[in-house]
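These are the residues of each chain, in order.
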Amino acid sequence: MKTHQTNSVRTEPWLKRAVNALKIAVVPPVGYTIIRLLGRTMTMRSEGMEHVDRLLGRGQRMIIAFWHAQQLMMPLAHRGFEAHVLISRHRDGELIRRIAAHFGLHAVRGSSTRGGAEAFRELIRIGRAGGNLVVTPDGPKGPRQVAKVGVVQLARATGLPIVPMAFACSKKKLFASWDRFLLPYPFSRGLFLLGPPLVVPSEASSDELESVRLRLEETLNRMTSEAEAAVLRANS
């Protein structure tokens, strides 16, 4: 009996590593394909993309900000848009990183709980060097739809404007996760909604940072509500 327990203890880590390796090999390409196929079944449209095109046309880069729950379909929002995405160092973050790579997106790994300071410095370096950045202001653990001040500090440090973005669809499943993760149903209507850039002065005070943070939070929540109302009207 003791021998059997010892063998089980020795075998379990090997099995766990094998399962994780299989997951990392299989899930990213499958996830990429599912997102692509799901997007092709949906009736998608965008509003406000001129804000992004105007900045890019001037040779300017930006920080795209959207709520954590809406991240699944965001790689389909702007084709050919190269950017660096902040992704958690959690094991699931590696799966997200590899899926994002299939869309041509680059990852910066870190969060408020693991590697946050290092990731923040790397985002500043990339932003100052001319890269676009993508962040979820309420990630990685919430509170839901409450913007953290980090994205505003990032905008101040890099000089990049923040472009708020929302996604909604007419038929969906909302998971019981902290962010109420959104999974669109096939053949539903989807809308990407982008707002005017928010600019943070390099000399902004703490009070001014808080003011922009609140404005970003209110804007993302308002845009989410507007996008949801728009797809429901179109579907009726």
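Everything that follows concerns the structure shown earlier in this document.
First things first, this report covers the structure right here in the doc.

Thresholds, definitions, all that
- Residues numbered from 1 in each chain as written.
- Predicted model: local features only at pLDDT ≥ 70, side-chain atom pairs only at ≥ 80, totals over all residues.
- Heavy atoms only, no water.
- Helix = DSSP H or I, 4+ residues; strand = E, 2+ residues; numbered from the N terminus.
- Rg over C-alpha atoms; globule rule 2.2 N^0.38 Å.
- Buried < 20%, exposed > 50% of the residue type's maximum accessible area, 1.4 Å probe, protein only.
- Contact = heavy atoms within 4.5 Å.
- Areas by Shrake-Rupley, 256 points an atom, 1.4 Å probe, with all protein chains shown as cover.
- Lys, Arg positive; Asp, Glu negative; His and termini not counted.
- Charge placed at Lys NZ, Arg CZ, Asp CG, Glu CD.
- Polar contact = N/O pair within 3.5 Å; in protein donor to acceptor, adjacent residues only side chain to side chain.
- Core = buried A, V, L, I, M, F, W, Y, C linked by side-chain atoms within 4.5 Å.
- Axes fitted to C-alpha atoms, helices over the stretch in contact; angles between N-to-C directions.
- Parallel < 35°, antiparallel > 145°, perpendicular 65-115°, else oblique.
- Left-handed = near helix turned anticlockwise from the far one by under 90°.
- Nonpolar A, V, L, I, M, F, W, Y, C, P; charged D, E, K, R; others polar.
- Pairing = 2+ DSSP bridges.
- Phe/Tyr/Trp six-rings, centres within 6.5 Å; stacked < 30°, edge-to-face > 60°.

Considerations on the overall build of the chain
Check the secondary structure of the chain and you find 6 helices and 9 strands. For 236 residues, the compact-globule estimate of 2.2 N^0.38 gives 18 Å, and the chain sits close to it at 20 Å. For the chain, the spread of C-alpha atoms along the principal axes amounts to about 70 × 45 × 30 Å. Counting only residues that meet the buried cut, the chain has 41% of its 236 residues in that class. Within the chain, contacts between residues at least 6 apart in sequence are counted, and of these 75% link residues at least 24 apart. Carbon together with sulfur atoms contributes 55% to the accessible area of the chain, which is approximately 12,800 Å² in total. Within the chain, one finds 34 positive and 19 negative side-chain charges whose respective centroids are separated by 9 Å.

Notes on the side chain of N132
One can find N132 in the loop between α4 (116–128) and β5 (133–135). Within the structure, the side chain of N132 is placed 3.1 Å from the backbone nitrogen of M62, a separation counted as a polar contact. Setting aside residues no more than four positions away along its own chain, N132 makes contact with L56, R61, M62, F81, E82, A83 and H84.

A word on the nonpolar core
If you look at the biggest cluster of nonpolar residues, it comprises 29 residues, and the most contacted ones within it are V52, I64, M73, M165, F167 and F192. Take this core: its biggest share by element is 4 residues, from strand β6 (residues 162–169). Among the nonpolar cores identified, the runner-up in size contains 24 residues, and I63, I124, A155 and L198 belong to it.

Concerning the packing of α4 against helix α5 (residues 150–158)
Packing of α4 against α5 leaves a shortest axis separation of 9 Å and a crossing angle of 40 degrees. If you check the angle between α4 and α5, you find them oblique. In terms of crossing hand, the pair formed by α4 and α5 is right-handed. Here α4 contributes F120, L123, I124, G127 and R128 to the contact with α5, which in turn contributes G150, Q153, L154, A157 and T158. Each residue belonging to the contact of α4 with α5 can be placed in one class, and the counts come to 5 nonpolar, 4 polar and 1 charged.

Considerations on the sheet that holds strand β3 (residues 84–87)
Sheet architecture is open: 7 strands sit in the order β1-β9-β6-β2-β5-β3-β4, paired in mixed fashion. Pairing within the sheet leaves two strands with one partner each, and these edge strands are β1 (43–47) and β4 (106–109). Neighbour-to-neighbour, the strand axes of this sheet turn through a mean angle of 25 degrees, independent of strand direction. The pairing of β3 with β4 spans 4 bridges and is classified as parallel. The residue of β4 that forms the bridge with V85 is A107. Running over the sheet, helix α2 (residues 49–57) touches β1, β2 (63–65), β6 and β9 (189–194) and is turned about 45 degrees from β9. Packing against the sheet, α5 makes contact with β2, β5 and β6, and its axis sits at approximately 170 degrees to β2.

Some remarks on the packing of aromatic side chains
One pass over the full model with this rule turns up 3 aromatic pairs. Relative to F103, the ring of Y32 has its centre 4.7 Å away and its plane inclined at 65 degrees; by these criteria the two rings are edge-to-face. Here F103 lies in the loop between α3 (91–102) and β4 and Y32 lies in helix α1 (residues 2–41), a separation of 71 residues in the sequence. Overall, the relative accessible area of 14% leaves F103 in the buried class.

A few points about unusual backbone geometry
Look at the link from G139 to P140: it is a cis peptide, with omega at 0 degrees. Cis geometry is found at the peptide bond from G142 to P143, where omega equals 10 degrees. Structurally, P143 is set in the loop between β5 and α5. Even without being a glycine, F187 presents a positive backbone phi close to 70 degrees. Mapped onto the elements, F187 comes out in the loop between β8 (182–184) and β9.

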